[in-house]
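Structural description and commentary
Listed here are the chains, written in short residue letters.
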Protein chains: 2
Amino acid sequence: MGASLKEIAERVGISAASVSIYLNNPDTNRVSAGTKDKIDKAAEELNYRRNLFASSLSRHVSKVIGIIIPTNIPLFQNVYTNMLLSGVQKCLAGEGYSLLFFPSSASTSKENVREQLRHSAGCDGYILFSTGFCPMDHILLNIRELQDTGKPFATLNVPKVPETINQVIIDDLESVRGLEFLLNAGHKKILMVLGRQHGEHMQLILSKYRLMLKEWGIPLDNDLVIFGNYSHEDTYLKVSRFLTSRRDITAICCMSDLMASSALAAVKSTGMTVPGDISIIGRNNSLYAVLADPPLTTIDLSISEAGFKAAQLLLDSLENPSISRNIILNGKLIERSSVNEN
Amino acid sequence: MGASLKEIAERVGISAASVSIYLNNPDTNRVSAGTKDKIDKAAEELNYRRNLFASSLSRHVSKVIGIIIPTNIPLFQNVYTNMLLSGVQKCLAGEGYSLLFFPSSASTSKENVREQLRHSAGCDGYILFSTGFCPMDHILLNIRELQDTGKPFATLNVPKVPETINQVIIDDLESVRGLEFLLNAGHKKILMVLGRQHGEHMQLILSKYRLMLKEWGIPLDNDLVIFGNYSHEDTYLKVSRFLTSRRDITAICCMSDLMASSALAAVKSTGMTVPGDISIIGRNNSLYAVLADPPLTTIDLSISEAGFKAAQLLLDSLENPSISRNIILNGKLIERSSVNEN
DNA sequence: TTGTAAGCGTTATCAG
DNA sequence: CTGATAACGCTTACAA
């Protein structure tokens, strides 16, 4: 348990340096074949495993990427974030990198990022996730914080900022692509089911939404915008409540497939049909949209691809810290069976 | 960028030791109030962040837990694993621990575990996840591998093994609880939709299944067992194909809600109704079951709770390495609207 | 209240 | 082919 290079070296009767060099490069000709065998045997018997921390300290390289998620709510619960993470991990693991998730316990995104970074020196780089509900000033502070580490990093799904950094952005336009589709299908009274009201993302989407209504000459009706927290319960409740007082809408445009599925359930529970009475459109092209009955028309945002690309940007930056690129991903409308012409 | 304690010390004009001690314990009376201010200022200006690797090396404690998942397929894609992870992270983050995910690229679970552990020395402990498709001999080897690290660890959702280790097990009985429910409702021709055929988990479930049929005096019909890979496409295809040749079943018992949702879609596509013509039962009590139409009767396995408990076991072991406990979690049947009496 | 020095396990340099 | 030795950044006696 926890045998060190030194112990192996002692047992074999050589120096720790030789053991290290051989173990890290079995083809080395520094060590004779016989010695190699002895080292292998000793390493096996003593259950040698390289100490990540000692090795990283010495090499000035850790092959560890810090994942910075500006929140302290439990991770791995959100489909969207999981898909982003999956892409990141796929790319990074392919290149032999480990992923490190830090704990934090603050109440603001700003503090959480600070806390997660506080003891993180030694990581080769970072990926900063957006939680979607950071206001812009926090986002800028978070990025500043990352810059201060002096290590390469990439931001993922963080609203576009003027700084020259590695960014993968899911185009804001895509957020209202669903709305556009509904408008083109002739819908005019459309209920918008959005995310958390005060995040920068939602502010952007909201302004696009207003702009688009204006272009189409449709008067603004603030009752037709529902903010939520992306959960099923919340969405089901709010849409249900909405439908008790108003039945004049012909379509619902949701910011996630999950929320669209919840809206679908709420509509069905009133006895109305989809897409007969009400059309519904989702976003993400997740399994929820595929499994819904009827299957939901949605926007494929290539989420896990976004994660993969952010990791690639980071890797490039690791090789050449001076480069920094922006990638903007476009969504693709996936037409299924939840939208009718109006 | 990357300022060290020494640099701070130099700037303030004191020793690195004082800086270290103060930064790790702001209440120390080793350092005068004035010096504290200077250290704070210098740390701020130089963007000091503690080097995790140096610190861990020195302390012999890293506050990092290695997550060992015996596969090299992309992580964070599987709802079940994500829920387990979520529970683990929630508990561990609460105690200030970071999570480390290692890369691996082998073709067997055995090799993947070896690879993930190879450079992992320095972690305070590990959590071993089951992927559900390891055969028993691999499982035992994996556990042996963990034991050889000499560090505390807990296994999560790994079939029960005789070794005295920290284990959180989701009771095998629960796997066939759904079947039992269907039998009690009078169903006799029941299609079983299982996971990967060669994993230890499935072998256990299979034998329970056979036993139960025997108890109920129902003849074994091997065509009524479908193995799959837990994906929607696969399940939809196999259930659809099954239904083209046979319509005599009255119920489907699935090993996951996702597969149950896929089966539901397949059944509906034939024109049959659920639960009118065919009853369906799922497993996990995930959102898929809630959102399905009709909502699916399912088994709540407290998955994220299992993850949380495994982390607790590990934490206890960290305090007192000599203890080791088994926790067996029971499932709970959640009755919704996808099962009729037959 | 502070400094000095040894040590954590590994790697890299240099000399042989 | 191999061994010393210094260094990585931080922590912790111990000494003052």
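Small disclaimer: the values here were computed from a predicted structure and weren't measured.

Another point: the sheet that holds strand 4 (residues 153-156) of chain A. In space, the 12 strands of this open sheet follow the order 11(A)-5(A)-4(A)-3(A)-1(A)-2(A)-2(B)-1(B)-3(B)-4(B)-5(B)-11(B), with mixed pairing throughout. The strands lining the two open edges of the sheet, one partner per strand, are strand 11 (326-329) of chain A together with strand 11 (326-329) of chain B. Each strand of the sheet is rotated relative to its neighbour by a mean of 20 degrees, with strand direction disregarded. Most of the contacts of helix 5 (residues 79-94) of chain B go to strand 3 (residues 125-129) of chain B, to which it runs at about 160 degrees, and overall it touches strand 1 (64-68), strand 2 (98-101), strand 3, strand 4 (153-156) and strand 5 (166-170) of chain B. In this fold helix 6 (residues 109-118) of chain B packs onto strand 1 and strand 3 of chain B, with an angle of close to 160 degrees to the strand it touches most, strand 1 of chain B.

Here Gln-116 of chain A is to be found in helix 6 (residues 109-118). Once you skip the residues sitting within four places of it in the chain, Gln-116 of chain A turns out to touch Ile-67, Ile-68, Ile-69, Thr-71, Phe-102, Pro-103 and Ser-104 of chain A.

This part covers the sheet that holds strand 9 (residues 279-281) of chain A. Strands in a sheet are paired, the pairing made by backbone hydrogen bonds, and the direction either parallel or antiparallel. All names here are of chain A. Sheet architecture is open: 4 strands sit in the order 7-6-8-9, paired in parallel fashion. Looking at which strands have only one partner, the edges of the open sheet turn out to be strand 7 (225-227) and strand 9. On average, each strand axis in the sheet is inclined to that of its neighbour by 15 degrees, with strand direction left out of account. Here 4 bridges tie strand 6 (residues 190-194) to strand 8 (residues 251-254), and the two strands are oriented parallel to one another. Directly across from Met-192, in strand 8, lies its bridge partner Cys-253. Sitting on the sheet, helix 9 (residues 177-184) touches strand 6, strand 8 and strand 9, and the angle it makes with strand 8 is about 165 degrees. Contacting strand 6, strand 7 and strand 8, helix 11 (residues 232-245) runs over the sheet at an angle of about 150 degrees to strand 7.

The subject of this paragraph is the domain arrangement of chain A. The domain architecture assigned to chain A consists of domain 1 (5-50), domain 2 (64-170 + 304-330) and domain 3 (174-300). The distance between the C-alpha centroids of domain 1 of chain A and domain 2 of chain A comes to 38 Å.

With 54 residues of chain A in contact, the opposing surface of chain B contributes 54 residues. In this assembly, chain A packs against chain B so that about 4,900 Å² is buried in total across both faces, 63% of it on carbon and sulfur atoms. Looking at the side of chain A facing chain B, the largest losses of area belong to Arg-49, Phe-53 and Phe-76 of chain A, adding up to 17% of the total buried there. On the surface where chain A and chain B come into contact, there are 6 salt bridges. Ionic pairing is found between Glu-44 of chain A and Arg-114 of chain B, a salt bridge with its closest N-O pair at 3.9 Å. Of all the secondary-structure elements, those providing two or more residues to the side of chain A that touches chain B are helix 4 (52-59), helix 5 (79-94), strand 2 (98-101), helix 6, helix 7 (136-148), helix 12 (257-269) and helix 13 (287-291) of chain A. For the side of chain A that touches chain B, the element with the most residues is helix 5 of chain A, which contributes 6 residues. Of the residues that constitute the side of chain A that touches chain B, the class distribution is 25 nonpolar, 19 polar and 10 charged. For strand 2 of chain A and strand 2 of chain B, the ladder comprises 3 bridges, and the chain directions are antiparallel. What sits directly across from Phe-101 of chain A, in strand 2 of chain B, is Leu-99 of chain B.

Another point: the relation of the copies chain A and chain B. Each of the two copies of the chain can be brought onto the other by a rotation about an axis and a shift along it. In screw terms, the move from chain A to chain B is a rotation of 180 degrees and a rise of 0.0 Å along the axis, fitting with an RMSD of 0.1 Å. With respect to symmetry, the two chain copies, as superposed, fit the operation of a two-fold axis. Both copies present the same face, since 100% of the interface residues in chain A are matched by interface residues at the equivalent positions in chain B.

Quick look at the protein's contact with DNA strand D now. Taken together, 26 residues are adjacent to DNA strand D, and Arg-30 of chain A together with Leu-5, Ser-20, Tyr-48 and Ser-58 of chain B come closest. Within 4 Å of the protein, atoms of DNA strand D come from sugar and phosphate in 70% of cases. With respect to DNA strand D, the backbone of Asn-51 of chain B contributes an N or O atom lying 3.5 Å from a phosphate oxygen. Here a sugar or linking oxygen of DNA strand D and a side-chain polar atom of Ser-58 of chain B are 2.6 Å apart. Listing elements by their share of the surface near DNA strand D, those giving two or more residues are helix 2 (16-24) and helix 4 of chain A together with helix 2 (16-24) and helix 4 (52-59) of chain B. Each residue belonging to the surface near DNA strand D can be placed in one class, and the counts come to 9 nonpolar, 14 polar and 3 charged.

As a further point, take the protein's contact with DNA strand C. In the neighbourhood of DNA strand C, 26 residues make up the surrounding shell, with Leu-5, Ser-20, Tyr-48 and Ser-58 of chain A together with Arg-30 of chain B lying closest. A share of 67% is what sugar and phosphate atoms reach among the atoms of DNA strand C within 4 Å of the protein. With respect to DNA strand C, the side chain of Arg-59 of chain A contributes an N or O atom lying 3.4 Å from a phosphate oxygen. Mapped onto the surface near DNA strand C, the elements with two or more residues apiece are helix 2 and helix 4 of chain A together with helix 2 and helix 4 of chain B. Per element, the largest residue contribution to the surface near DNA strand C is 4 residues, and it comes from helix 4 of chain A. Grouping the amino acids of the surface near DNA strand C by side-chain chemistry returns 8 nonpolar, 14 polar and 4 charged.

A separate point is the packing of helix 2 of chain B against helix 3 (residues 33-45) of chain B. All names here are of chain B. Their axes nearest at 11 Å, the elements helix 2 and helix 3 cross at an angle of 90 degrees. With respect to helix 3, the element helix 2 is oriented roughly perpendicular. Across the interface between the two elements, Val-19, Tyr-22 and Leu-23 of helix 2 pack against Lys-36, Ile-39 and Asp-40 of helix 3. Among the residues forming the contact of helix 2 with helix 3, the class breakdown is 4 nonpolar, no polar and 2 charged.

What counts and how
Residue positions are counted from 1 within each chain, in the order its sequence is given. The order in which chains are written sets their letters, starting at A; the order in which ligands are written sets their numbers, starting at 1. Under the rules for a predicted model, residues below a pLDDT of 70 receive no local features and side-chain atom pairs below 80 are neither given nor counted, while totals for whole chains, interfaces and linings still include all residues. No hydrogens and no water enter the side-chain calculation; it runs on all heavy atoms of the structure. Here a strand pair is declared whenever DSSP counts at least two bridges between the two strands. The numbering of helices and of strands both runs from the N terminus, where a helix is a DSSP run of H or I of at least 4 residues and a strand a run of E of at least 2. Axis definition: a line fitted to C-alpha atoms, limited for helices to the stretch in contact. Angles are taken between N-to-C directions and run from 0 to 180 degrees. Any two residues whose heavy atoms approach within 4.5 Å at even a single point are treated as in contact. For every domain, the bounds stem from an assignment made automatically or drawn from a database. Two parts placed together each lose some accessible area under a 1.4 Å probe, and adding up what both lose gives the buried area. Salt bridges are counted wherever a side-chain nitrogen of Lys or Arg sits within 4 Å of a carboxyl oxygen of Asp or Glu. Basically, the charged four are Asp, Glu, Lys and Arg, the nonpolar ten are Ala, Val, Leu, Ile, Met, Phe, Trp, Tyr, Cys and Pro, and anything else, Gly included, counts as polar. Superposition of the copies used a least-squares fit over C-alpha atoms from residues whose pLDDT is at least 70 in both. Here a residue counts as near a molecule or strand whenever at least one of its heavy atoms sits within 4 Å of it. We call two N or O atoms a polar contact when they sit within 3.5 Å, provided that within protein one can donate a hydrogen and the other can accept it, with sequence-adjacent residues counted only if both atoms are side-chain atoms. In this scheme, roughly parallel covers angles under 35 degrees and roughly antiparallel covers those over 145, while 65 to 115 is roughly perpendicular and the rest are oblique.

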